[in-house]
Amino acid sequence: MTRALIALLVVGSVTFALLVGRAEPTPDLSRGVDGIAAWLNELTDECATVRRGDDFTDFAGPVRSKVYAPFVAEWGTCAKEPYGRLGLLVLRPGLDQAWRTALANGEVRGDPDLAFGDGFALTGSIGMEYLGLKRLECTPSACSLVQIQHH
C-alpha cells in the first residue's frame, strides 16, 4: 500500500511538472532563437531546425516590419505545422508602445499578429493557446496581454 501511494505521488508530481512546464512559456532566451526552437521542439516535436538570414521585411511585410523590426533582437524561422515558416522573435522592450503609436497614426489596424511569451514572440496564431502564449490587444491609448483562448 505504501509503495502504491509513493508511486502515485511520484507519477502525480511528474504529471504536474509536465503540465506546469507546458502551461508557461519558458524557452532559454540566452540561446536566442535556438532556445525558442528547442523549447518548441521539446513541446511539439517540431521546429528542429532554425533558418536565419532571410530578409525580415520580405517575411513580415513592409508595415509590420517597420513597427516590429526595431524591437527584434534576433529572429529566424522554423517549420512547425501548419506553418511552412513560423517566425521566432527574441524581443526588446517597447513593441507595445510602437504598435500603439502606429495604431494612433493610422499605419496599422487591429492588434499585432504575434503570440507573445516573456521576451519572445511567434508569428503564428493556430495552436498558440496550448503553448501558454498571449496576444497583445491594443487601443491607441493602451495595450494589454491577454491569454489566448482555445476555440
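Check the entry above for the structure.
Note that this is a predicted model, so its numbers are computed, not measured. (Residues numbered from 1 in each chain as written. Predicted model: local features only at pLDDT ≥ 70, side-chain atom pairs only at ≥ 80, totals over all residues. Heavy atoms only, no water.)

*Asks:* Requested: an account of the overall build of the chain, with residues and values cited.
*Replies:* Within the chain one finds five helices and six strands. Ordering the α and β elements of the chain from the N terminus gives α-α-α-α-β-β-α-β-β-β-β. Counting over 151 residues, the chain shows a buried share of 38%. Taking the intrachain contacts of the chain between residues at least 6 apart in sequence as the baseline, contacts between residues at least 24 apart amount to 51%. (Helix = DSSP H or I, 4+ residues; strand = E, 2+ residues; numbered from the N terminus. Buried < 20%, exposed > 50% of the residue type's maximum accessible area, 1.4 Å probe, protein only. Contact = heavy atoms within 4.5 Å.)

*Asks:* Tell me about unusual backbone geometry, and please be specific about residues and values.
*Replies:* Here Glu 81 and Pro 82 are connected by a cis peptide whose omega angle stands at 5°. Within the secondary structure, Pro 82 is located in the loop between β1 (72-80) and β2 (83-91). If you check the backbone angles, Asp 45 has positive phi at about 60° while not being a glycine. If you trace the backbone, Asp 45 turns up in the loop between α2 (33-44) and α3 (56-60).

*Asks:* Quick one: what's the story with the packing of aromatic side chains, residue by residue and with numbers?
*Replies:* Enumeration according to the criterion identifies four aromatic pairs in this entry. Plain terms: the ring middles of Tyr 68 and Trp 99 are 5.9 Å apart, the flat faces sit at 25° to each other, and that makes the pair stacked. A residue pair is termed long-range when its members are at least 10 positions apart, and Tyr 68 in helix α4 (residues 62-68) and Trp 99 in helix α5 (residues 95-104) qualify at 31 residues. Ring pairs connect the aromatic residues Phe 56, Phe 59 and Trp 75, which therefore count as one cluster. (Phe/Tyr/Trp six-rings, centres within 6.5 Å; stacked < 30°, edge-to-face > 60°.)

*Asks:* Tell me what's going on with the pairing of β1, and back it up with residues and numbers.
*Replies:* Bridging between β1 and β2 involves seven bridges; their strand directions are antiparallel. The residue bridging Trp 75 from the neighbouring strand is Leu 89, located in β2. With antiparallel pairing between neighbouring strands as the criterion, β1 and β2 make up a hairpin whose turn holds two residues. (Pairing = 2+ DSSP bridges.)

*Asks:* An account of the side chain of Arg 100 is requested, with residue identities and associated values reported.
*Replies:* With respect to the helices and strands, Arg 100 occurs in helix α5. Leave out the neighbours within four places in its chain, and Arg 100 touches Thr 139, Pro 140, Ser 141, Ala 142 and Cys 143.

*Asks:* Please set out the state of the cysteines residue by residue, giving values where relevant.
*Replies:* The bond known as a disulfide is covalent and runs between the sulfur atoms of two cysteines. For the structure on display, the rule yields two disulfides. The side chain of Cys 47 participates in a disulfide bridge whose partner is Cys 78; the two sulfur atoms lie 1.8 Å from each other. Given an S-S torsion of about -100°, the disulfide between Cys 47 and Cys 78 has left-handed geometry. Here Cys 47, found in the loop between α2 and α3, pairs with Cys 78, found in strand β1; they are 31 residues apart in sequence, far enough to count as distant. Accessibility expressed as a relative area gives 2% for Cys 47, which makes it buried. Paired through a disulfide, Cys 138 and Cys 143 show a sulfur-sulfur distance of 2.0 Å. Every disulfide takes its handedness from the sign of the S-S torsion; for Cys 138 and Cys 143 that torsion is 110°, giving right-handed. (Disulfide = S-S within 2.5 Å.)

*Asks:* Requested: an account of the environment of Phe 120, with residues and values cited.
*Replies:* Assignment of secondary structure puts Phe 120 in strand β4 (residues 120-122). We classify Phe 120 as buried; its relative accessible area is 0%. For the pair Phe 120 and Ile 36, spaced 84 residues apart in sequence, the C-alpha separation works out to 8.1 Å.

Fair warning: the whole summary comes from geometry, so function is off the table for now.
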